[in-house]
Every structure is written in C-alpha cells, then in structure tokens.
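Working through the structure, step by step
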Amino acid sequence: MRNFIVRRLMLAFLTLTVVITLIFALTRFIPGDPAYSFVGRRADESTLNDVRAAYGLDKPVSAQFFCYVGQLMKGNLGFSYTTGQPVGKLIMERFPNTLKLAFAAMVFATAAGLLMGLLSASNPGGALDRFCVLVSISGISVPVFWFGLILIMFFSNTLGWFPSSGMGGFVYIILPALTLGTRSAAYIARITRTSLMEVMNENFVITARAKGLSEKKILFKHVLKNALIPVVTLIGVDLGSYLNGSVLTETIFGWNGVGNLALTGIMNRDYPLIMGTVLFGSFIFICANIIVDVSYSFFNPKITYE
Amino acid sequence: MNKKTKYFLRNNKLTVFLAGVLLMMVLSAVFAPLIAPHDPYEVNLEKTKEHPQKDYPFGTDAQGRCVLSRMIYGARVSLFIGVAATLSALVIGVLFGAAAGYLGGAADNIITFLIDITLSLPGLLVAIAITVVLEPGITTVLIALCFVGWAGFARIVRSSVISIKNSDYVTSAMSLGSSSWLIMLKHILPNIVPIILITASLRIGTFILSEASLSFLGLGVRPPEPTWGSMIASSVNYIETAPWMAFFPGAALAVTIFCFNFAGDSLKDIIDVKDIKM
C-alpha cells in the first residue's frame, strides 16, 4: 500500500515534469524573441532585460529550462501580455468561481447519473433501461458548447426562466452546471448500470435473497455499497477535470472562471496567460487523479497493488 | 453473413438506421460540391440571418452565407479529421502497444510509463497548448489529437497482446519454431482486430468532438473554411436573433458522434468481447 502511494506520487511528479517540459518546448516555437513571450511586445527595454536575466535567456537552452522551473517553483507563472499582471494572481482570483461551478455540476451529475443507473439496472433490457441507455449515449455524444447554447435558447430566450449568462445568485449557476454536468451524468449512469448488474449476480446477493431479505434491503445494504466503488472513482476523476477550468462551458455562460481566463488568453494570443492556465489546469488534474487513486485503495480493500 | 449477424440486424433496427444516417453524412461530405445548394463561401449582405426557407433550408448566417451548404462542406473537415486522427493514433497505438505487450521487459516498462503519463494529461488543455503555438491548420489539429489520443489504443492493444501471448496456440507456435514476426502477424494481430475496431469507433466520436471544440475556440482549421465547430462559434452572438445558425451544425455534430458511439456499443454486442480476454 505504501509502495503504491510512493509509486503513484513518483508517476505524478514525472507527469508534471513532462507537462512543464512540453510547455517550455512549445514556448520556444512562439515566433520572435522569447523574452516577449513572457512580458509581451509592449514591454520596455528594462523589463525585457529583467526577464532575460530572470529566465536566463542569454544562456544555453538547458540553463533556460532550469531557470524556468525555478521561477515556477517560486509560483511565478509569468505576466499577462495584455494586463501586465502576474498570471498566477489572475488565476487564483478566478479559481473560486471555477470551484463553485465544478461542484454544482458534480452534484447534478451524481444525482442524475445514479438515478438513471438505478432505473436502468432495476429492469435490464426493459423499455426504461433501453431509454436510459439511449439518453446516456446522447449525453456522451452531445458537444458541451452546443448543448449550452440549446439550453440558453430554450430556458433563457424562450421560457425566460434563467439568465443566459453572467454571475450572481443561485439562478445563474443552474444552466452552466447542467451543461457541464451532463457528460458526467451520462458516464455515471453507464458505470452505475454495469456495476450494479455485475454485483447483483454475486453469490452474496443470492445468499441474501435466499435468507429472505427484502429487495430493498438487499439493494441498499449489500449491492450499493459494492457497486458504487467504481462510481466514486469516476466522480473523482471528472471533478478533477472540471477543476482545471471548463473552457467551453465558462465561455458560453460568461462564467468568470479559469476557463474563461484561458479563452481571453487564446483570443489575444496572450501566451503567458494560456500556458499558465494550461499548467495550472494540468497540476490540478494530476493532483485530483492521485487523490482518486489513493482513496480507491481505501474504498476497495480487495484491490492489492503489487 | 452468419446466423448471429442476421439475428442481430433483425433485432437492431436502430443500429441499421443510424448506420444509414452515417453513410448519408459520408456521401454528402464526399460529394459536397454536387449536393450543396449554394457556394459555402459566397457572402450575400442583402440576405443576412434569413430564416430557414425554401431557398435556404437551414437559413443564412450573419454574412448571408447558406448554413446548409457550409454544413455539408464542414462535414468534410469533421469526418476527415475524425477518421485521420483515429487512424494515425491507431497506428501509433498498435505499434507501441504490440511492442510493449510482445517484447515485455524494459521495452514494456518504458512504453507503459509513456502510456501512463499521456493518459494522465488533461487532453483538451494539452491540445490547446499545441494548437495555439503551431501554425493553425488540419495538420496541427491532427498532431495535437494524436499526441493525446494514441495512448488509449496502446493500452488496450498491450493488454490484449499479453493475454493472447500466453494462450496455448501461441505457445505451440513458439515451440514449433515460428519466428516472432510470424507469430505477431499470423496469430496475435488478427485476434486483436475486433477490440481495435470497437475502440476505434468509440474514439472517432471523441476526436470529432475535440476537433469541434478546438474550432469553437478558434484553434482549428482557419476561416473562411467552414467547420461545424467554428460555425457554432460564430453564431454565439446571434443566439437570440438567429438560433438556426447554431442549431443545425451542432445537431449534425451531435448526430454524427452519437452514431459512432452507438456503433461502438453495438459492435461490442456483435463481437463478443469476452471471447478475447481483456
């Protein structure tokens, strides 16, 4: 167990190294003086010189790489071209919003996904099951950005129930959370269904039935506990990917989170901002994956890691 | 056609129908110039944001271009990138996966490590980082999608190869003195084709979706070439006044991806995956 955690941490560390190296290599492809890619073309000569010194841009590439890593360790992600503010600060300002949206989406996805999975598994092959399966394949197939627009068309423009974009009270979070959570809901429904059906056939369920327990008791006391292990993992992984800022959903709803910040960066070709958000997102994603993997081994004592 | 397939076709009318829809999409993409009612690039400022009508079945966009014609041409980009990215990721994935599974030892360790790392990268973000820096265009999108997409294939191929390698018939082929290449090509590869097919059809949808997302963010194929993603992006500001601009290309996208995903699921049923130990 301890070995597993150590190995997992090492892998995460290496993955992060790969991301950093990749981003470093990519910034070399940006045309023009690399110093510009940290502070932008409008910077004056003294700022440029500061950057060249800080990132060792007058030294060989290997030294530049270590300077870059050194700056990252200090929490310095560079400065935005357009506003001149530190990228790290811009990201941290918006992160709470992304967090809020991610949790709202996950609450919806978990509730809807579990319900659909349970309904499906209650009568496999029946009409309700086939309907739920179709709904879940649709949920996986529909592009989030389009689904968001459709929700706006219907619920904001036609019915006028929810605001189409912006931030504020509870009503503002409903449509973005639905948009972001649909895909996960679909996956959760699928996994819940397969997992429930597998566990239903286990010997301990047959035993429980044989000793005369009610179906309700079997479901809640014996089946769910075991069937939900893979579901919990899935929820964790998805939450991890939402936390890195859902560029598409946040853009459509004008949600002022990390994803929207990334889009602003893309629009302005603000490279430090783009690379900063990508790096931050990867970091969160990798951390979330470790937490999921480690907690998985607690949830499921049957699993042994060599 | 064996009995099982006939039985399947009779009982899965939806699958057959969706296959037909997909075929129609492919045909209209291939024969786009013959089918499209208008020139997809023709700007007509007198007819901007026209409702769907007889001349323009899906309406016109903010520059008066025919939405249907642009969609038909857009299908070319989406389907081409979907298929091309899947094929390239598949080739890389099969090569690495088969090598890792068959050779074992150090090669396996290194490749497994690369697979693990790639799978723990946030795909869309990495694709954004790549496409934002490199020259925009189809090649860049393909590079970005392959970079994040090969590992899924490699992992599945590796584990299937390992299970087949330990089967009795491979052991007997080995003991008869067959060369590694012969075993690989004659005994192992044919047996992993079904699982590759299933994975591929599920992946095409993902790749088409990723391409559309990149186009939506303005990182895909360059305008004015129409893609479904960029058509939706350019309609965001007109969602109230001209909802058809976003609706139809997105519906095409959703239907196409749905078809591929559904096909993947059905393939799983036709080809009994349990025949191959995963």
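Residues numbered from 1 in each chain as written. Chains lettered and ligands numbered in written order. Predicted model: local features only at pLDDT ≥ 70, side-chain atom pairs only at ≥ 80, totals over all residues. Heavy atoms only, no water.

**Observations regarding the overall build of chain A**
Just so we agree on the cut-off: A helix here means a DSSP run of H or I that spans at least four residues, while a strand means a run of E at least two residues long, and both kinds are numbered starting from the N terminus. The buried label goes to any residue with under 20% of its type's maximum accessible area, the exposed label to any with over 50%, and the partly exposed label to all in between, with areas taken from a 1.4 Å probe on protein chains only.
When its secondary structure is counted, chain A shows 13 helices and 0 strands. Counting from the amino terminus, helix and strand elements in chain A follow one another as α-α-α-α-α-α-α-α-α-α-α-α-α. Structurally, chain A occupies a C-alpha span of about 80 × 55 × 30 Å along its principal axes. Evaluated residue by residue, chain A yields a buried proportion of 48% over its 306 residues.

**A short note on the nonpolar core**
This is how the line gets drawn: Here, the term nonpolar core denotes a set of buried Ala, Val, Leu, Ile, Met, Phe, Trp, Tyr and Cys residues that are joined through side-chain atoms within 4.5 Å. Note that the domain bounds reflect an automated or database-derived domain assignment. Residues count as neighbours in contact if any of their non-hydrogen atoms are within 4.5 Å of one another.
Within the largest apolar cluster, 110 residues are counted, with the highest numbers of intra-cluster contacts made by F145 of chain A together with I128, I188, L217, W228 and L253 of chain B. Of the residues forming this core, the biggest block, 14 residues, is contributed by helix α9 (residues 180–216) of chain B. Formed jointly, this core draws a minimum of three residues from each of two domains, domain 1 (2–73) and domain 2 (91–299) of chain A. When near neighbours in sequence (up to four residues on either side) are disregarded, L253 of chain B contacts P143 and F145 of chain A together with S78, I208, A212, W228 and I232 of chain B.

**Description of the confidence of the model for chain A**
Threshold: The predictor attaches a confidence to each residue, called pLDDT, with possible values from 0 through 100.
Looking at chain A as a whole, its pLDDT mean stands at 80, while 90% of the residues score no less than 70. Across chain A, the secondary-structure element scoring lowest on mean pLDDT is helix α2 (residues 36–39) of chain A, at 64, and the one scoring highest is helix α5 (residues 87–122) of chain A, at 87.

**A closer look at helix α2 (residues 13–30) of chain B**
All names here are of chain B. Here is the rule: Every helix has an expected span of 1.5 Å times one less than the residues it contains. Picture the helix axis, draw a direction to every C-beta atom, and the arc is the one those directions span.
With 18 residues, α2 extends 26 Å between its outermost C-alpha atoms, agreeing within 8% with the 26 Å of an ideal straight helix rising 1.5 Å per residue. Within α2, the full set of buried residues consists of T15, L18, V21, L22, M25, S28 and A29. Taken end-on, α2 shows its buried residues confined to a sector of 155 degrees, consistent with a single buried face. Along α2, exposed side chains directed more than 90 degrees from the buried face belong to K13, F17, L23 and M24.

**Focus on the packing of helix α4 (residues 67–103) of chain B against helix α5 (residues 105–119) of chain B**
Residues and elements named next belong to chain B. To keep things clear, this is the line we draw: Orientation is described by lines fitted to C-alpha atoms, with helices fitted over the stretch in contact, and by angles between N-to-C directions that extend from 0 to 180 degrees. Any angle that is under 35 degrees is reported as roughly parallel, and any over 145 degrees as roughly antiparallel; angles of 65 to 115 degrees are reported as roughly perpendicular and all others as oblique. The sense of a crossing depends on the near helix, which, turned anticlockwise from the far helix by less than a right angle, makes the crossing left-handed and, turned clockwise, makes it right-handed.
Interaxial distance between α4 and α5 falls to 7 Å at its minimum, and their mutual angle equals 140 degrees. Classified by the angle their axes make, α4 and α5 are oblique. Relative to α5, α4 is oriented so that their crossing is left-handed. Contact residues: α4 offers F96, A99, A100 and L103, while α5 offers G105, A107, D108 and I111.

**Focus: the interface of chain B and chain A**
What counts here: As used here, buried area is the combined drop in accessible area, with a 1.4 Å probe, of two parts when they are placed together. What makes a salt bridge here is a side-chain nitrogen of Lys or Arg within 4 Å of a carboxyl oxygen of Asp or Glu, nothing more. Here the term charged refers only to Asp, Glu, Lys and Arg, the term nonpolar to Ala, Val, Leu, Ile, Met, Phe, Trp, Tyr, Cys and Pro, and the term polar to all other amino acids, Gly among them.
Counting residues at the interface gives 40 residues for chain B and 41 residues for chain A. Carbon and sulfur atoms supply 81% of the area buried between chain B and chain A, which totals about 3,600 Å² over both sides. Ranking the residues of chain B by area buried against chain A places L125, V132 and V133 of chain B at the top, with a combined share of 16%. On inspection of chain B and its partner chain A, the count reaches 0 salt bridges. Of all the secondary structure elements, the ones that give two or more residues to the side of chain B that touches chain A are α5, α6 (123–133), α9 and α11 (244–270) of chain B. Of the residues in the side of chain B that touches chain A, the class split is 32 nonpolar, 5 polar and 3 charged.

**A few points about the pattern of salt bridges**
Residues and elements named next belong to chain A. Under the criterion given, the structure shown has 4 salt bridges over all chains. Among the ionic pairs, K89 bridges to E93, the shortest N-O distance being 3.7 Å. Residue K89 and its partner E93 are located together in helix α5, separated by 4 residues, close to a single helical turn. Take K89: its relative accessible area is 42%, and that puts it in the partly exposed class.

**Remarks on the domain arrangement of chain A**
All names here are of chain A. Note the following rule: Two N or O atoms form a polar contact when they lie within 3.5 Å of each other; inside protein one atom must be a possible hydrogen donor and the other a possible acceptor, and for residues adjacent in sequence the pair counts only when both atoms belong to side chains.
Per the domain assignment, the segments making up chain A are domain 1 (2–73) and domain 2 (91–299). When the buried surface of domain 1 facing domain 2 is broken down by residue, R8, L16 and I23 rank first, second and third, together holding 35% of it. Run the count over domain 1 and domain 2 and you get 0 salt bridges. Counting every contact that joins domain 1 to domain 2 gives 0 residue pairs in polar contact (both at pLDDT 80 or more). Elements with a minimum of two residues in the side of domain 1 that touches domain 2: α1 (2–29), α2 and α4 (61–73). Tallied by class, residues from the side of domain 1 that touches domain 2 come to 13 nonpolar, 3 polar and 1 charged.

**Observations concerning the environment of A25 of chain A**
Residue and element names in this part refer to chain A. If you trace the backbone, A25 turns up in helix α1. Looking at A25, the relative accessible area reads 34%, which means it is partly exposed. Counting along the chain gives 40 residues from A25 to F65, while the straight-line C-alpha distance between them is 9.0 Å.

**Describing the side chain of S160 of chain B**
Tracing the sequence through the fold places S160 of chain B in helix α7 (residues 138–165). A polar contact is formed between the side chain of S160 of chain B and the backbone oxygen of I156 of chain B, at a distance of 2.6 Å.

**Remarks on the packing of aromatic side chains**
Centre-to-centre distance and the angle between the planes together describe a pair of aromatic rings. All names here are of chain B. To keep it simple, the criterion reads: Ring pairs shown here join Phe, Tyr and Trp side chains whose ring centres sit within 6.5 Å, with only the six-membered ring taken for Trp; geometry is labelled stacked below 30 degrees between planes, edge-to-face above 60, and tilted in between.
In total, this model carries 6 aromatic pairs over all chains according to the counting rule given. Ring centres 5.3 Å apart and planes at 85 degrees place the aromatic pair F247 and F248 in the edge-to-face group. The class of F247 is partly exposed, set by a relative accessible area of 35%. Here the aromatic rings of F258 and F262 are separated by 5.9 Å at their centres, their planes lie at 20 degrees, and the arrangement is stacked.

**Concerning a nonpolar patch on the surface**
The criterion, for reference: By definition, no residue in a patch forms a salt bridge, and every one has over 30% relative accessible area; like charges are joined within 9 Å, nonpolar side chains (Val, Leu, Ile, Met, Phe, Trp, Tyr) within 5 Å. Shrake-Rupley sampling with a 1.4 Å probe provides the accessible areas, and residues are treated as covered by the protein chains on show and by no other component.
On the surface, a nonpolar cluster with roughly 800 Å² of combined accessible area is contributed by F13 and L14 of chain A together with V91, I92, L95, F96, I110, F113 and L114 of chain B. Secondary-structure elements contributing two or more residues to the nonpolar patch are α1 of chain A together with α4 and α5 of chain B. Sort the elements by how many residues they give to the nonpolar patch and α4 of chain B lands first, with 4 residues. Along the chain, the position of L14 of chain A falls in helix α1.

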